[in-house]
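Here's the letter readout for the chains.
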Amino acid sequence: MLYRSLAKPLLFKMDPEQAHHLIIGGLSGVGSIRPVPSGLRVMYGVRETSDLAVDMFGCHFPTPVGLAAGLDKNGQAVTGFSSIGFGFMEVGTVTPLAQPGNDQPRLFRLPPDEALVNRMGFNNLGAEAMAGELARLQDRRIPVAVNIGKNKATSNEEAHLDYSKCIQALYNYADLFVVNISSPNTPDLRNLQHGNELKELLAAVMNEMNVQHARAGGATKSVLVKIAPDVNDQELEYMVRTIADSGVAGIIATNTTISRTGLSHQHAKETGGLSGKPLRDRSTEIIRQIYRQTEGKLPIIGSGGIFTSEDAYEKIKAGASLVEIYTALIYEGPEVNRRIHAGLRELLRKDGYRHISEAVGAEHR
C-alpha cells in the first residue's frame with residue numbers, strides 16, 4: 001500500500017508528464033547504485049514459478065506479465081523495471097532520429113475511468129542513443145523488446161527505411177523487435193496496417209532482420225507486430241493474414257484506441273490514444289479473433305486494460321500467451337505485478353491447469 005497511500009497522491013498532484021519523467025529518472029539511476037535493485041526486488045519482485053514461466057520467441061520469460069512500450073522510451077530504466085516484477089518489457093517507441101514529439105500538454109489522466117490519453121508522438125532520443133543505453137546494461141534479467149517506428153517527417157513510402165535503420169542500430173542489443181504501425185499519434189502511421197503497404201513494410205523488416213542475423217550470427221531474433229484495436233473485422237482479417245504470411249513471430253494486441261465510448265472524465269475530449277480499463281474488452285475481442293483465425297498458430301501478446309489477474313486470465317483464455325500492462329502501473333503501482341502473478345496461479349489451480357500454456361486459448365476448446 002506504500003504507493004497508493006504515499007507516492008500516488010503526490011504524483012497525481014503533478015503534471016502527468018512531469019510525474020512520468022520523475023519516475024523514469026529515478027528508475028534510470030537504479031543501476032548505478034548497487035544495493036537498490038536488490039532492495040526493489042525484495043519489495044516488489046516476483047519469484048519465478050514453474051507454472052507461469054514461459055519460453056517462446058527464443059527467450060525465457062520468468063513471468064508472463066510484461067511492461068508495454070511507452071513508459072521507457074529510451075531504454076534508460078531497464079534495470080529498474082526489471083527489479084519490480086516484470087517478466088519482460090518493451091522499450092520505445094524509438095525512431096532513427098531523435099524527435100521532440102507533439103506539443104505539450106500531451107498526456108492526460110482520467111481517474112474515474114482509470115484511463116490515460118496520450119498524444120506523445122514518438123518523442124525519443126533516437127536509435128543510437130537507445131543503443132548506447134542498452135549497451136551499458138550490466139545485468140539484463142528479463143527479455144527486452146525494442147519497439148520501433150518511423151520519424152514523423154518520413155513519408156509512408158519511405159517508412160521501411162526508418163524501420164530498417166532502427167534494426168541496424170539496435171540489432172545487437174534487442175532480444176526481439178516490435179514493429180509499431182498502430183500509434184494514433186503519428187500522422188498516417190496507421191495506414192501502414194492496410195493494403196499492400198503492410199505487406200511491403202514487413203517484407204523489408206524481415207529482409208533487414210535476415211541481413212543483420214547473417215552479419216551478427218547467433219540465434220535468430222523474433223519480430224512482432226503491434227496492431228490497433230480500431231479496425232473492423234474485414235481489416236483485422238487482412239492484417240492477420242498478411243502478418244502471418246510475412247514470417248513474423250507474433251502479434252501484440254493491442255495498442256491504444258481512439259474510441260471514447262463510455263468515458264465520464266472531461267479529458268475524454270482530448271485527442272490521442274486511450275489506454276486503461278475502457279480498452280480491456282475490445283483488446284480481448286481482438287485477441288479472440290486473431291486466435292480463431294490463426295487456429296492458435298500465431299502467438300499473441302495481450303495488451304490493453306489489464307488491472308487484475310482476472311483481466312489477464314481472460315486474455316490468456318482468449319488466446320494470449322503473454323500479457324502486458326501500462327496504465328495499471330500508473331494507477332496501482334508496482335505492487336500490481338505480485339497481485340497479478342499470485343492471482344494467475346490461483347486461477348490456474350482452480351481450472352486444473354499445471355502450466356499457463358494449457359490455459360492459452362482455453363475458451364476456444
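Structure: see above.
Our subject in this report is the structure included herewith. (Residues numbered from 1 in each chain as written. Predicted model: local features only at pLDDT ≥ 70, side-chain atom pairs only at ≥ 80, totals over all residues. Heavy atoms only, no water.)

Now for the overall build of the protein chain. The helix and strand tally for the protein chain stands at 13 helices and 13 strands. Here the C-alpha radius of gyration of the protein chain, 19 Å, is about what a compact globule of 365 residues would show, namely 21 Å. Each principal axis of the C-alpha distribution contributes one length, and for the protein chain these read about 50 × 45 × 45 Å. Looking at the protein chain residue by residue over its 365 residues, the buried ones come to 58%. (Helix = DSSP H or I, 4+ residues; strand = E, 2+ residues; numbered from the N terminus. Rg over C-alpha atoms; globule rule 2.2 N^0.38 Å. Buried < 20%, exposed > 50% of the residue type's maximum accessible area, 1.4 Å probe, protein only.)

Moving on, we get to the state of the cysteines. Tallied over the full model, the rule gives zero disulfides. Cys-59 carries a free sulfur, and the closest cysteine sulfur to it, the one in Cys-166, is 19 Å from it. Looking at Cys-59, the relative accessible area reads 13%, which means it is buried. Cys-166 sits in the buried class, given a relative accessible area of 0%. (Disulfide = S-S within 2.5 Å.)

Under the defined criterion, the tally for this structure stands at 19 salt bridges. Between Arg-345 and Asp-51 there is a salt bridge whose closest N-O contact spans 2.9 Å. Pair noted here: Arg-345 is in helix α12 (residues 335-350) and Asp-51 is in the loop between α3 (35-44) and β1 (54-56), with a separation of 294 residues, a long-range link. Overall, the relative accessible area of 24% leaves Arg-345 in the partly exposed class. Overall, Asp-51 belongs to the buried group, its relative accessible area being 9%. (Salt bridge = Lys/Arg side-chain N within 4 Å of Asp/Glu carboxyl O.)

To continue, consider the nonpolar core. Residues Phe-81, Val-146, Tyr-163, Leu-170, Phe-177 and Ile-227 are the most contacted members of the largest nonpolar core, which totals 99 residues. Those residues within four positions of Tyr-163 in sequence are excluded, and the remaining contacts are Ile-148, Gly-149, Lys-150, Val-179, Asn-180, Ile-181, Leu-189, Leu-192, Leu-201 and Val-205. Core analysis: the second largest hydrophobic core is formed by seven residues, Phe-108, Leu-110, Val-117 and Ala-268 among them. (Core = buried A, V, L, I, M, F, W, Y, C linked by side-chain atoms within 4.5 Å. Contact = heavy atoms within 4.5 Å.)

With that out of the way, let us pick up the environment of Val-225. By the secondary structure assignment, Val-225 is in strand β9 (residues 222-227). With a relative accessible area of 0%, Val-225 lands in the buried category. Each C-alpha atom, one on Val-225 and one on Gln-76, is 23 Å from the other, the two residues being 149 residues apart in sequence. Excluding residues that lie within four positions of it along the chain, Val-225 makes contacts with Val-179, Ile-181, Leu-202, Ile-243, Val-248, Gly-250, Ile-251 and Ile-252.

Further remarks concern unusual backbone geometry. Each neighbour pair has its own omega, and for Gln-104 with Pro-105 the value is 0°, a cis peptide bond. Here Ala-253 and Thr-254 are connected by a cis peptide whose omega angle stands at 15°. By the secondary structure assignment, Thr-254 is in the loop between β10 (250-253) and β11 (273-276). One non-glycine residue, Phe-57, lies in positive phi territory at about 55°. One non-glycine residue, Glu-114, lies in the positive phi region at around 50°. Tracing the backbone shows Glu-114 in the loop between β5 (107-110) and β6 (115-118).

Covered by surrounding structure in strand β13 (residues 322-325) are Leu-322 and Glu-324 together with Val-323 and Ile-325, the residues of both alternating faces. As paired strands, strand β3 (residues 65-67) and β13 are joined by three bridges and run parallel to one another. Note that in β13 the partner of Leu-67 across the bridge is Ile-325. Where strand β12 (residues 300-303) and β13 come together, three bridges link them in parallel fashion. Each residue of the ladder has a partner; that of Ile-301, found in β13, is Leu-322. At this point the chain moves from β12, through helix α10 (residues 309-318), to the parallel β13, and the crossover so formed is right-handed. (Pairing = 2+ DSSP bridges. Right-handed = clockwise from strand over helix to strand, strands pointing away.)

With that settled, consider the packing of aromatic side chains. Taken as a whole, this structure holds five aromatic pairs when the rule is applied. Ring plane angle 75° and centroid distance 5.4 Å describe the contact between Phe-12 and Tyr-331, whose orientation is recorded as edge-to-face. Here Phe-12, found in the loop between α1 (2-11) and α2 (16-28), pairs with Tyr-331, found in helix α11 (residues 327-332); they are 319 residues apart in sequence, far enough to count as distant. Residue classification places Tyr-331 among the buried residues on the basis of a relative accessible area of 3%. Centre to centre, the rings of Phe-81 and Phe-86 are 6.3 Å apart; their planes meet at 70°, and the pair counts as edge-to-face. If you follow Arg-109 out to its NZ or CZ, it ends over the ring of Phe-12, 4.4 Å from the centre. (Phe/Tyr/Trp six-rings, centres within 6.5 Å; stacked < 30°, edge-to-face > 60°. Lys NZ or Arg CZ within 6 Å of the ring centre and 35° of its normal.)

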